[in-house]
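# A look at the structure
Residues per chain are reported as follows:
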Amino acid sequence: MAGLSPSEVCGIEKATKGVNVLSEGATPGVSVDSDLAEQNLLHWIINMHGAPGTLYEGEVFQLQFKFSNKYPFDSPEVTFVGNNIPIHPHVYSNGHICLSILTDDWSPALSVQSVCLSIVSMLSSCKEKQRPPDNAFYVKTCNKNPKKTKWWYHDDSGLKPTKKT
Amino acid sequence: MGDEGETPPGSISEDEPQVNQDELILAQQRQIEKEISESIPLVGDLEPISSLNNEYSTDPVYLDKVKDLSTKYQYVRRTRPDGNCFFRAFSYANIERLLEKKEEFSEFYKLAEDSKTALVELGFQQFTVEDFYDTYMEVLKRLRAIEDADEAKKELHTLFNTQGFSDYMVVYLRLLTSGQLQKDKDFYSCFIEGERTVSDFCHQEVEPMYKESDHIHIIAACAALCTGVKVIYMDRGTGKSCNEHDLPEGCTPTVHLLYRPGHYDILYP
């Protein structure tokens, strides 16, 4: 990395390592579309299978990851895309996900793999398939980029996604 | 409209409201962060203690405390208030003092060299820890290669003001701190409020960048680097002198930090 500071090379390099880790099938039920990732390292589509024994068994979802050049200091932008958006209290019908590690609790030491694991585990712990209570309002008013939503996490009611005044 | 599931996935209504509060709040936050990063270096130059007076020219409580501080310390080195100030200040000040003590530096280097294996054993993912470890070691290697202590200090200052290196140093110290907390989780769990486990706490308050540090971060960071810190507290509390605490209690502190509510800077006797 002669002449470059680590941040200038790391985003792409780390994303590349991530493709390899996922291609090796280290995370059950999760696979990356490696053709697409090879074309554009900063934009990935990941196929995610609902875990056996959960409400989502047999379903296949697509997750989109977009990386900025500040990755891994900036979190990736992660949304569900495609025809099948999981019905879940933390997933909006436009694919936005209310998950703290995607914004406030993001750490540069997290990886695509750990994000996928958190999302699989979020789906797996679901007891009743339903959309967030404010789904209709949120999807009408939000920005296309979920990172531009000010999410509210860690409250006991489980979900209080946005504060609109 | 309005029923769940009716909105086609992926399509977001174009008729956005005229004012989106979230975006305004976030835009303002970005603006503040930008102003801070443009006006305050990551780690500043040495300044006399009296430079603190400029901030408090009309505040007798603080002026008394600056006076008290000037009897014990000669210089202050400011760090950028971005939530990483403790980690950046501590890492910088600790390495800076070691540059004058070759033997201790070697021990510190050895400790750093072995630290990745320790983190991986604790369950950290090898390939995510690696980038930060490699940069951390590269900084230490570069400094070790410089014979003259003053020259090495200049290089340290340059590296810590290069965002790429400096933030990597911060991340790695955050990881070491998290590792220390998780290694001794029985002990540290007593200091965590609420229902959170030590590992939740690490994921939410230690590993993410820009999260501010509390006593528990400091004690664990000290344990991870095998050293101690003296923190001088300067606030609006009564009395003409500042309170001070050695962390961990009873240690011989090697690094001195000035704490003003929400922020740490480095002090020099």
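Residues numbered from 1 in each chain as written. Chains lettered and ligands numbered in written order. Predicted model: local features only at pLDDT ≥ 70, side-chain atom pairs only at ≥ 80, totals over all residues. Heavy atoms only, no water.

A separate point is the sheet that holds strand β6 (residues 263–268) of chain B. All names here are of chain B. Spatial ordering of the open sheet is given by β1-β2-β6-β5-β3-β4, a layout of 6 strands whose pairing is mixed. Single-partner strands in this sheet number two, and they are β1 (43–48) and β4 (243–247). Sheet twist, expressed as the average angle between the axes of neighbouring strands with direction ignored, equals 30°. When strand β3 (residues 229–233) meets β4, the two strands line up antiparallel, connected through 5 bridges. Residue pairing for β4: V229 is matched across the bridge by L247. (Pairing = 2+ DSSP bridges. Helix = DSSP H or I, 4+ residues; strand = E, 2+ residues; numbered from the N terminus. Axes fitted to C-alpha atoms, helices over the stretch in contact; angles between N-to-C directions.)

Time to look at the sheet that holds strand β2 (residues 43–49) of chain A. Strand pairing within a sheet occurs via backbone hydrogen bonds; the two strands may be parallel or antiparallel. Residues and elements named next belong to chain A. Strand order in the open sheet made by the 4 strands is β1-β2-β3-β4, with antiparallel pairing throughout. With one partner strand each, in any of the chains shown, β1 (30–32) and β4 (77–81) form the two edges of the open sheet. Here the strands of the sheet are splayed against their neighbours by 25° on average, with no regard to which way each runs. Where β2 and strand β3 (residues 60–66) come together, 7 bridges link them in antiparallel fashion. Among the inter-strand pairings, M48 is bridged to a residue of β3, identified as F61. Helix α3 (residues 112–124) contacts β1, β2, β3 and β4 of the sheet and is inclined by roughly 35° relative to β2. (Contact = heavy atoms within 4.5 Å.)

Residue and element names in this part refer to chain B. Between helix α7 (residues 163–183) and helix α10 (residues 215–225), the shortest axis-to-axis distance is 8 Å and the interhelical angle comes to 95°. The angle between α7 and α10 falls in the class roughly perpendicular. From α7, L173, L176, T177, Q180 and L181 reach across to α10, where they touch I216, H217, A220, A221, A223, A224 and L225. Its residues placed into classes, the contact of α7 with α10 shows 9 nonpolar, 3 polar and no charged. (Parallel < 35°, antiparallel > 145°, perpendicular 65-115°, else oblique. Nonpolar A, V, L, I, M, F, W, Y, C, P; charged D, E, K, R; others polar.)

The next thing to look at is helix α6 (residues 149–160) of chain B. All names here are of chain B. End to end, α6 covers 16 Å across 12 residues, agreeing with the expected 16 Å (1.5 Å per residue, within 8%). Those residues of α6 that fall on the buried side of the exposure criterion are A152, L156, H157, L159 and F160. For α6, the buried positions fall inside an angular range of 165° around the axis, keeping them on one side. Facing away from the buried side of α6 by over 90 degrees, the exposed positions are D150 and K154. For α6, the secondary structure elements touched by its buried residues are β1, β2 (75–79), α3 (85–98), α5 (126–144) and α7. (Expected span 1.5 Å × (residues − 1). Buried < 20%, exposed > 50% of the residue type's maximum accessible area, 1.4 Å probe, protein only. Arc of directions from axis to C-beta.)

A few words on the layout of surface pockets. Regions of empty space are outlined by a rolling probe, equal in size to a water molecule, passed over the atoms. If you add up the space inside the largest pocket, you get close to 1,800 Å³. Forming the boundary of the largest pocket are 42 residues, of which F73(A), D74(A), R30(B), E33(B) and Y210(B) lie nearest the centre. The greatest single-element share of the lining of the largest pocket, amounting to 9 residues, is contributed by helix α1 (residues 21–39) of chain B. For the lining of the largest pocket, the per-class residue count stands at 16 nonpolar, 12 polar and 14 charged. (1 Å grid on protein atoms, 1.4 Å probe; cavity = no way out; pocket = protein on both sides within 12 Å on 5 of 7 lines; lining within 4 Å. Points joined across faces, edges and corners; volume = space filled by probe spheres on them.)

Right, let's talk about the pattern of salt bridges for a bit. Residues and elements named next belong to chain B. Inspection of the entire model under this criterion finds 25 salt bridges over all chains. E55 is paired through a salt bridge with R260; the nearest N and O atoms lie 2.8 Å apart. A residue pair is termed long-range when its members are at least 10 positions apart, and E55 in the loop between β1 and α2 (60–72) and R260 in strand β5 (residues 255–260) qualify at 205 residues. By sharing partners, the salt bridges in this structure join E47, E55, R78, R260 and D265 into a single network. (Salt bridge = Lys/Arg side-chain N within 4 Å of Asp/Glu carboxyl O.)

Quick look at empty space enclosed by the protein now. Under the counting rule described, the total for this entry stands at 2 cavities of 30 Å³ or more. By volume, the largest cavity amounts to about 50 Å³. In terms of residue class, the lining of the largest cavity is made up of 6 nonpolar, 1 polar and 2 charged. Counted as a void, the second largest cavity has a volume near 30 Å³.

All names here are of chain B. Considering all chains together, one arrives at 23 aromatic pairs over all chains under this definition. Members of the aromatic cluster, joined through ring pairs, are F86, F87, F90, Y233, Y259 and Y264. Positioned above the aromatic ring of Y109 is the side chain of R144, whose terminal nitrogen or guanidinium carbon lies 4.0 Å from the ring centre. (Phe/Tyr/Trp six-rings, centres within 6.5 Å; stacked < 30°, edge-to-face > 60°. Lys NZ or Arg CZ within 6 Å of the ring centre and 35° of its normal.)

The linkage connecting Y71(A) with the following residue, P72(A), adopts the cis geometry, with an omega of 5°. Relative to the elements of secondary structure, P72(A) occurs in the loop between β3 and β4. Backbone torsion omega between L247(B) and P248(B) reads -10°, so that peptide bond is classified as cis. Position of P248(B) among the secondary structure elements: in the loop between β4 and β5. Residues other than glycine seldom take positive phi values, yet Y210(B) does so here, at roughly 70°. You will see that C226(B), though not glycine, has its phi angle at about 55°, which is positive. Turning to its location among the elements, C226(B) is positioned in the loop between α10 and β3. Classification of C226(B) as exposed rests on a relative accessible area of 58%.

Let us look at the pairing of β3(B). Residues and elements named next belong to chain B. Of all the 5 residues making up β3, 5 are buried; the element is thus mostly covered by neighbouring parts of the structure. Note: β3 against β5, 5 bridges, orientation parallel. Residue pairing across strands places V229 opposite V255, the latter belonging to β5.

Now for the side chain of Q113(A). Relative to the assigned elements, Q113(A) resides in helix α3. By relative accessible area, which is 11% here, Q113(A) ends up buried. A distance of 2.2 Å separates a polar atom in the side chain of Q113(A) from a polar atom in the side chain of Q125(B). (Polar contact = N/O pair within 3.5 Å; in protein donor to acceptor, adjacent residues only side chain to side chain.)

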